[in-house]
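# Close look at the chain arrangement
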Amino acid sequence: MDLFVGFLLIVAAVMIVLGVALKPHTASLPLDRRRPFEQESGSHLSRFVGSAADVLDRYFARRNFSLYNSSALEAAGMRLSQGDYFLVVGAGATVGGLLGLIVQGIPLALLFIVAAPIIGQLILVQRASSSRRKFSEQLPDTLQLLTGSLRAGHSILRAIDAAATESPSPTSEEMRRVVSATSLGRDLTTSLNSTATRMQNEDFVWISQAIQINREVGGNLAEVLDQVNDTIRERSEIKGQIKALAAEGKFSAYILIALPFGIIAMLMVVSPGYMDPLFSTVLGWILVVVSIVLMTIGCLWLRKIIDLKF
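Predicted model, so just to flag it, every value in this text is computed and none were measured.

About the thresholds
Residues numbered from 1 in each chain as written. Predicted model: local features only at pLDDT ≥ 70, side-chain atom pairs only at ≥ 80, totals over all residues. Heavy atoms only, no water. Helix = DSSP H or I, 4+ residues; strand = E, 2+ residues; numbered from the N terminus. Expected span 1.5 Å × (residues − 1). pLDDT = per-residue confidence, 0-100. Axes fitted to C-alpha atoms, helices over the stretch in contact; angles between N-to-C directions. Parallel < 35°, antiparallel > 145°, perpendicular 65-115°, else oblique. Left-handed = near helix turned anticlockwise from the far one by under 90°. Contact = heavy atoms within 4.5 Å. Nonpolar A, V, L, I, M, F, W, Y, C, P; charged D, E, K, R; others polar. Core = buried A, V, L, I, M, F, W, Y, C linked by side-chain atoms within 4.5 Å. Buried < 20%, exposed > 50% of the residue type's maximum accessible area, 1.4 Å probe, protein only. Salt bridge = Lys/Arg side-chain N within 4 Å of Asp/Glu carboxyl O.

### Observations regarding helix H5 (residues 106-151)
Relative to the 68 Å expected for 46 residues at 1.5 Å per residue, H5 spans 67 Å between its end C-alpha atoms, a close match to the ideal helical length. Just beyond H5, the residue with positive phi is glycine 153, at close to 100°.

Here you go:
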């Protein structure tokens, strides 16, 4: 009976997750001013999830809650609001807790529940890092599109609009954001600096400064951007060489970090009782704590050695 109830709870949690993922974005206009084909969803689950997400969004807006905020979601390319993502993480924690409760018991359930928000944050960080890396890799091609449009006689804003149309993601979204912000009255340099800050890209700062200087003193912007593009390509080659030289050190660091855990796992499999004194005596726990501290210091030390700044 307990397994059946647990199964029903898991099914309900999965339905909530799907409802959040498939929830249509509700418009702020009344129904009589919408287009005929834009109809409100008839799903009760979708409306319930949408209402819950709206309540959470209003609550977070009043409290200025920073976890899973809009900036982090935008940087990760997630088209979800803060309330939507909280519901997704909450549903994942519920499903994980129920699975852990069924499989092992309360300890595993608590572990899954605690791990859910951490995993949600790691997903945002990983997606944001991947987006920034792709943006940096696409930057030379973006500059080439800009210089080509400028030589064809277009303005810088029209060249950015063309780059937004022809560039792949995430460059297309960022260039489209610049065009939209400028069309609404924001200064072009401010919009470009915001993109550089959001993407954490030093090379794009140079592009913004070059465009700003050209707007103040004049000159051939296409030639200036060509020189900036050559500099960026040379820096990219140097980065690649440094990463290749540091790859052996990084691999050695990963092996040294994983070696103690691998030896412990192997001993627990080969001889299960061999490690019992380590976890059943006071001296054993002292050694465990000391080992964790030393491992942490070693990890930070190795990271400092292999993390090269250029």
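### Looking at the confidence of the model for the protein
Reading predicted coordinates in detail is not appropriate for stretches of low pLDDT. Of the residues in the protein, 80% reach a pLDDT of 70 or more, and the chain-wide mean stands at 79. When the elements of the protein are averaged for pLDDT, helix H1 (residues 2-21) gives the smallest value, 49, and helix H7 (residues 171-183) the largest, 91.

### Details of the packing of H7 against helix H8 (residues 188-199)
At their nearest, the axes of H7 and H8 sit 9 Å apart, and the two run at 150° to each other. By the angle between their axes, H7 is roughly antiparallel relative to H8. With respect to the hand of their crossing, H7 and H8 are arranged in right-handed fashion. Residues Glu174, Arg177, Val178, Ala181 and Thr182 of H7 lie in contact with H8, whose contacting residues are Leu188, Ser191, Leu192, Thr195, Arg198 and Met199. Here the residues of the contact of H7 with H8 are counted per class, giving five nonpolar, three polar and three charged.

### Some thoughts on the nonpolar core
Counting 26 residues, the largest nonpolar core has Ile160, Phe204, Ile207 and Leu225 as the members making the most contacts within it. At the level of secondary structure, the elements contributing two or more residues to this core comprise H5, helix H6 (156-166), H7, H8, helix H9 (202-217) and helix H10 (221-270). Setting aside chain neighbours within four positions, we find leucine 225 in contact with Leu143, Leu146, Thr147, Leu150, Ile207 and Ala210. Core analysis: the second largest hydrophobic core is formed by seven residues, Tyr68, Leu73, Met78 and Leu124 among them.

### Section: unusual backbone geometry
A cis geometry characterises the amide bond from serine 169 onward to proline 170, with omega recorded as 5°. Position of proline 170 among the secondary structure elements: in the loop between H6 and H7. Within the chain, glutamine 200 stands out as a residue other than glycine whose phi angle is a positive 50°. Position of glutamine 200 relative to the elements: it lies in the loop between H8 and H9.

### Some thoughts on the pattern of salt bridges
The tally for this structure, following the rule as stated, stands at eight salt bridges. As a salt-bridge pair, arginine 151 and aspartate 226 come within 2.3 Å of each other at their nearest N and O atoms. With arginine 151 in helix H5 and aspartate 226 in helix H10, this residue pair connects regions lying 75 residues apart in the sequence. According to the relative accessible area criterion, arginine 151 is exposed, its value standing at 51%.

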